[in-house]
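Breakdown of the fold
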Amino acid sequence: MTSPDDPDGTANHGLRTPLEGLQAPSWDDTIPIAAPLRLIAPTVENAWVDYNGHMSESCYLLVFGDQSDAFFRLIGIDEAYRAAGHSLFTVQTMIFNLAEAHLGDRLDLSLQLLDADNKRLHIFHAMHNAVSGELLATGEQMLVHVNMAAGKSSAMPAELQRRVAAIRAAHSALPAPPQAGSTIAIRRG
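Let us look at the structure shown here. (Residues numbered from 1 in each chain as written. Predicted model: local features only at pLDDT ≥ 70, side-chain atom pairs only at ≥ 80, totals over all residues. Heavy atoms only, no water.)

Moving on: the overall build of the chain. Across its full length, the chain holds three helices and five strands. The helix and strand sequence of the chain, counted from the amino end, reads α-α-β-β-β-β-β-α. The C-alpha atoms of the chain give 17 Å as radius of gyration, which agrees with the globular expectation for 189 residues (16 Å, within 12%). If you line up the chain on its principal axes, its C-alpha atoms span 50 × 40 × 40 Å. Looking at the chain as a whole, 39% of its 189 residues qualify as buried. Taking the intrachain contacts of the chain between residues at least 6 apart in sequence as the baseline, contacts between residues at least 24 apart amount to 70%. (Helix = DSSP H or I, 4+ residues; strand = E, 2+ residues; numbered from the N terminus. Rg over C-alpha atoms; globule rule 2.2 N^0.38 Å. Buried < 20%, exposed > 50% of the residue type's maximum accessible area, 1.4 Å probe, protein only. Contact = heavy atoms within 4.5 Å.)

The next point concerns the nonpolar core. Inside soluble globular proteins, nonpolar side chains tend to come together where they are buried. Judged by nonpolar contacts, the single largest core of 17 residues is most densely connected at Phe71, Ile75, Ile77, Leu88, Leu121, Ile123 and Ile167. With 16 residues, the next largest nonpolar core counts Ile40, Met55, Tyr60 and Ala137 among its residues. (Core = buried A, V, L, I, M, F, W, Y, C linked by side-chain atoms within 4.5 Å.)

Moving on, we get to the pairing of strand E3 (residues 120–129). Summarising burial for E3: eight of the ten residues are buried, a large majority. Taking the residues that link successive antiparallel strands as the turn, the strand E2 (residues 107–116)-E3 hairpin has three residues. Relative to strand E4 (residues 135–147), E3 runs antiparallel, the two being bridged by nine bridges. Residue pairing across strands places histidine 125 opposite glycine 139, the latter belonging to E4. Where E3 hands over to E4, the hairpin turn is made up of five residues, of which glycine 133 adopts a positive phi near 80°. (Pairing = 2+ DSSP bridges.)

Among the structural elements, serine 56 can be located in the segment before helix H1 (57–75). Residues serine 56 and alanine 101, spaced 45 residues apart in sequence, show a C-alpha to C-alpha distance of 8.8 Å. Residues within four places of serine 56 in sequence aside, it is in contact with Trp48 and Asp50.

The description of two packed helices rests on the angle between their axes and on the distance between the axes. Relative orientation of the contacting elements H1 and helix H3 (residues 158–171) amounts to 115°, with a least axis distance of 9 Å. Contacts from Phe71, Leu74 and Ile75 of H1 reach H3 at Leu160, Arg163, Val164 and Ile167. Considering only residue class, the contact of H1 with H3 consists of six nonpolar, no polar and one charged. (Axes fitted to C-alpha atoms, helices over the stretch in contact; angles between N-to-C directions. Nonpolar A, V, L, I, M, F, W, Y, C, P; charged D, E, K, R; others polar.)

Note that the residue after alanine 35, namely proline 36, is joined by a cis bond; omega there is 0°. With respect to the secondary-structure elements, proline 36 resides in the segment before H1.

For H3, which comprises 14 residues, the first-to-last C-alpha distance of 20 Å matches the rise-based estimate of 20 Å (1.5 Å per residue) to within 8%. Along H3, the residues classified as buried are Leu160, Arg163, Val164, Ile167 and His171. Projected down its long axis, H3 carries its buried residues within an arc of 95°, all on one side. Structural note: H3 exposes Ala158 and Ala169 on the side pointing more than 90 degrees away from its buried face. Where H3 is buried, its residues contact H1, helix H2 (79–83), E2, E3 and E4. (Expected span 1.5 Å × (residues − 1). Arc of directions from axis to C-beta.)

Rendered as structure tokens:
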């Protein structure tokens, strides 16, 4: 939460997203919505590489989380929105690690809004190697809009729902990714 010494509410935590502290951009109904969205394009950092010589599994989620943050800002959720008492929380995540990313690899990320209602967003991330085009990982998430003071889910404001609906409409013609909706199980023959 905010205080006079911390007006944007960011001093009370350690983990920072690359866009943290930046105000959400103004929504412009005249700008076409990309399908899928391409919001960030990071390069694999040394801090993300583990003892196996490739990007560590937790860093796939870190990068997908940074892209989620960019998406939140696109629809209007930033520090001021959270300071007013609402946010989006992740309630479920499924990551498929399909190939290795290495130090210095440029990543091409995309985000597809699979579904939404007045409280929930179902999003899908894809991570490709920006040079080879190889699919490296996918991440699927269910997010819920939360009233932080009440400690429970709540409907998004009408303006947020309108923006989400516009993105959903733009993404409705995209095919469902093959990994979407998968569950973890040992398949037996």
